Amino acid sequence: ETSFRNRCFPNSLFGMGNPLLDISAVVDKDFLEKYGLKPNDQILAEDKHKALFEEIVKNFQVEYHAGGATQNSIKIAQWMIQEPHKVSTFFGCIGEDRFGEILKQKAEEAHVDAHYYEQTEEPTGTCAACITGDNRSLVANLAAANCYKKDKHLDLEKNWSLVEKAKVYYIAGFFLTVSLESILKVAKHAAENNKLFTMNLSAPFISQFFRDALMEVIPYVDVLFGNETEAAMFSKEQHFETEDIEEIAKKTQALPKVNMKRQRVVVFTQGKDATIMTRGDKVEMFPVLKIDHKDIVDTIGAGDAFVGGFLSELVQDKDLEDCVKAGHYAANVIIRQAGCTFPDKPDFH
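As the structure is a computational prediction, the values presented were derived from the model and not from experiment.

Caption draft 1: Representation of the sheet that holds strand E8 (residues 135-141) within the structure. Taken in spatial order, the five strands make up an open sheet running E3-E8-E7-E2-E4, and their pairing is mixed. At either margin of the open sheet sits one strand with a lone partner, and together these are strand E3 (41-44) and strand E4 (63-67). For this sheet, the mean inter-axis angle between neighbouring strands, taken without regard to orientation, is 20 degrees. Sheet topology places E3 next to E8; four bridges connect them, and they run parallel. Its bridge partner being in E8, Ile 43 is matched across the sheet by Val 139. Each of strand E2 (20-26), E4, strand E7 (125-132) and E8 is contacted by helix H3 (residues 50-59), which is oriented at about 65 degrees to E7, the strand it contacts most.

This is the structure:
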């Protein structure tokens, strides 16, 4: 009965990305300085960060959470939907190790239909979340996540059939650093079948250093997410010559598109400021839910949560305004918790 009311069926939402185990800890300014980290940033680990992962576990009180941007959003969408289980499918690569086992177990607990490509060359990826006050600096050591292979996993008939079952697709921009050909295969399938392909700018370094890969995918993107700093970097790299976020949204919407049956929707969040969304030829603003500063535990999962909430309504064919409302609700819940974790049931109407 519920699945009919929700118009939601198993495997109708598909996500593919970097499954990472989050290792989060409250650290001090010296720790950030020692590893050359900005208080609020997301970067890929370099050689100089290798020791960081050992040090954070040794010297600070750490919590482990199943993470990775896309996987977080897919999980939150499933949490918002509740029933039926396994509305959300997730693909990504892990190692055959303890962290990989934790990720599998956590996906199962979240009722996500996760199909990992498991390999032994690299260990399961991790992401150190270094928290100082309201800020969080993320350092991702992709390891296994970087080993995802189109021909070894996505192309296999049993996996590809799950892609075909879906009607909404979400891939964070982070995955551009791993497998552009996998993204393009899914994106083309969506465009050819008039399904919804959604994506996230994810971090300023994606627009900056992976611009060519990003611009290969943009023509297939029906809904593009990002925050204000990512939007600013995207504008700079695209020579939009504007820092006005509404203008950036309009210009992003107007970029070339393959499937002309749907006009691109651009959604930019701005922390506590209003979310901006293009709808038709208008740019609309949606204020976020009020929250008392002392109720904010950790803003680490806010962006992923917003996308998860948005997708949970999108996959149920709800109006875009409802999608934004659900995004705001999910983000508001998540920032009251440590890591990207959530209470048993949503209270969203």
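Caption draft 2: The arrangement of the state of the cysteines in detail. The tally for this structure, following the rule as stated, stands at zero disulfides. Between Cys 147, a cysteine without a disulfide, and Cys 93, which holds the nearest cysteine sulfur, the sulfur-to-sulfur distance is 5.2 Å. Cysteine Cys 323 remains unbridged, with the sulfur of Cys 8 as its closest cysteine sulfur at 12 Å.

Caption draft 3: Geometry of the pattern of salt bridges. Tallied over the full model, the rule gives 18 salt bridges. The partner of Glu 55 in a salt bridge is Lys 34, and the shortest N-O contact between them spans 2.7 Å. With Glu 55 in helix H3 and Lys 34 in helix H2 (residues 29-34), the pair connects residues that are 21 residues apart, well separated along the chain. A residue is classified by how much of its surface remains accessible, and Glu 55, at 17% relative accessible area, is buried. Two residues, Lys 104 and Glu 101, come together in a salt bridge whose shortest N-O distance is 3.3 Å.

Caption draft 4: Main features of the packing of helix H11 (residues 228-237) against helix H12 (residues 245-253). Between H11 and H12, the shortest axis-to-axis distance is 10 Å and the interhelical angle comes to 60 degrees. Relative to H12, H11 is oriented oblique. Between H11 and H12 the crossing geometry is left-handed. Where H11 abuts H12, its residues Glu 228, Ala 231, Ala 232, Phe 234 and Ser 235 lie against Ile 245, Ile 248 and Thr 252. For the contact of H11 with H12, a count of residues per class yields five nonpolar, two polar and one charged.

Caption draft 5: Examining unusual backbone geometry more closely. A cis amide bond links Glu 83 to the next residue, Pro 84, at an omega of -5 degrees. Assignment of secondary structure puts Pro 84 in the loop between helix H4 (69-81) and strand E5 (88-95). Despite not being glycine, His 111 has its phi angle at roughly 60 degrees, a positive value. Along the chain, His 111 turns up in the loop between helix H5 (98-109) and strand E6 (113-119). Owing to a relative accessible area of 34%, His 111 belongs among the partly exposed residues under this scheme. Despite not being glycine, Glu 241 has its phi angle at roughly 55 degrees, a positive value. Within the fold, Glu 241 resides in the loop between H11 and H12.

Caption draft 6: Broad picture of the packing of helix H13 (residues 302-314) against helix H14 (residues 320-334). Two elements in contact, H13 and H14, have axes separated by 7 Å at closest approach and are oriented at 145 degrees. For the pair H13 and H14, the sense of crossing is right-handed. Contacts between H13 and H14 pair Ala 302, Ala 305, Phe 306, Gly 309, Phe 310, Ser 312, Glu 313 and Leu 314 from the former with Leu 320, Asp 322, Cys 323, Val 324, Ala 326, Gly 327, His 328, Ala 330, Ala 331 and Ile 334 from the latter. Of the residues that constitute the contact of H13 with H14, the class distribution is 12 nonpolar, four polar and two charged.

Caption draft 7: Highlighting the packing of aromatic side chains. Using the criterion set out here, one finds 17 aromatic pairs in the structure. A network of ring pairs unites the aromatic residues Tyr 170, Phe 225, Phe 306 and Phe 310 as a single cluster. When the ring centre of Trp 160 is taken as origin, the NZ or CZ atom of Lys 185, which lies over that ring, is 4.3 Å away.

Caption draft 8: Broad picture of the sheet that holds E5. Reading across the sheet, the nine strands line up as E6-E5-E1-E9-E10-E11-E12-E13-E14 and stay open at both edges, with mixed pairing between neighbours. What marks the edges here is a single partner per strand, and that holds for E6 and strand E14 (282-286). Each strand axis lies, on average, 20 degrees off the axis of its neighbour in the sheet, ignoring direction. Strand direction decides the pairing type here: strand E1 (residues 13-16) and strand E9 (residues 168-172), joined by three bridges, are parallel. Bridging across to E9, Leu 13 finds its partner in Val 168. Relative to E5, H4 is tilted by about 145 degrees, and along the sheet it contacts E1, E5, E6 and E9. Helix-sheet contacts for H13 involve E1, E9, strand E10 (196-200), strand E11 (223-227), strand E12 (265-270) and strand E13 (273-279), and the interaxial angle to E11 is about 160 degrees.

About the criteria used
- Here, residues in each chain are numbered from 1, in the same order as that chain's written sequence.
- Thresholds applied to this predicted model are a pLDDT of at least 70 for local features of residues and 80 or more for the giving and counting of side-chain atom pairs; totals over whole chains, interfaces and linings are not thresholded and use all residues.
- In computing side-chain properties, one takes all heavy atoms of the structure into account and sets aside hydrogens as well as water.
- Here, any two strands with at least 2 DSSP bridges between them count as paired.
- Strands here mean DSSP runs of E at least two residues long; helices mean DSSP runs of H or I at least four residues long; both are numbered from the N terminus.
- Helix axes use the C-alpha atoms of the stretch in contact, all axes being lines fitted to C-alpha atoms, and the angles between their N-to-C directions lie in the range 0 to 180 degrees.
- Should any heavy atoms of two residues lie within 4.5 Å, those residues are counted as being in contact.
- Disulfide: a pair of cysteine sulfur atoms within 2.5 Å of each other.
- Here a salt bridge means any side-chain nitrogen of Lys or Arg lying within 4 Å of a carboxyl oxygen belonging to Asp or Glu.
- For every residue, the accessible area (1.4 Å probe, protein chains only) is compared with the maximum for its type, and the residue is labelled buried under 20%, exposed over 50%, or partly exposed between those bounds.
- Throughout, the term roughly parallel applies to angles under 35 degrees, roughly antiparallel to angles over 145, roughly perpendicular to angles from 65 to 115, and oblique to all others.
- Here is the rule for handedness: rotate from the far helix to the near one, and if that takes an anticlockwise turn smaller than a right angle the crossing is left-handed, while a clockwise turn gives right-handed.
- Here the nonpolar group is Ala, Val, Leu, Ile, Met, Phe, Trp, Tyr, Cys and Pro; Asp, Glu, Lys and Arg are the charged ones; every other residue, Gly included, is treated as polar.
- Aromatic contacts are taken between Phe, Tyr and Trp rings whose centres are within 6.5 Å, Trp giving its six-membered ring; a plane angle under 30 degrees counts as stacked, one over 60 as edge-to-face, and the others as tilted.
- Our definition puts a charge over a ring when NZ of Lys or CZ of Arg is within 6 Å of the ring centre and also within 35 degrees of the ring normal.

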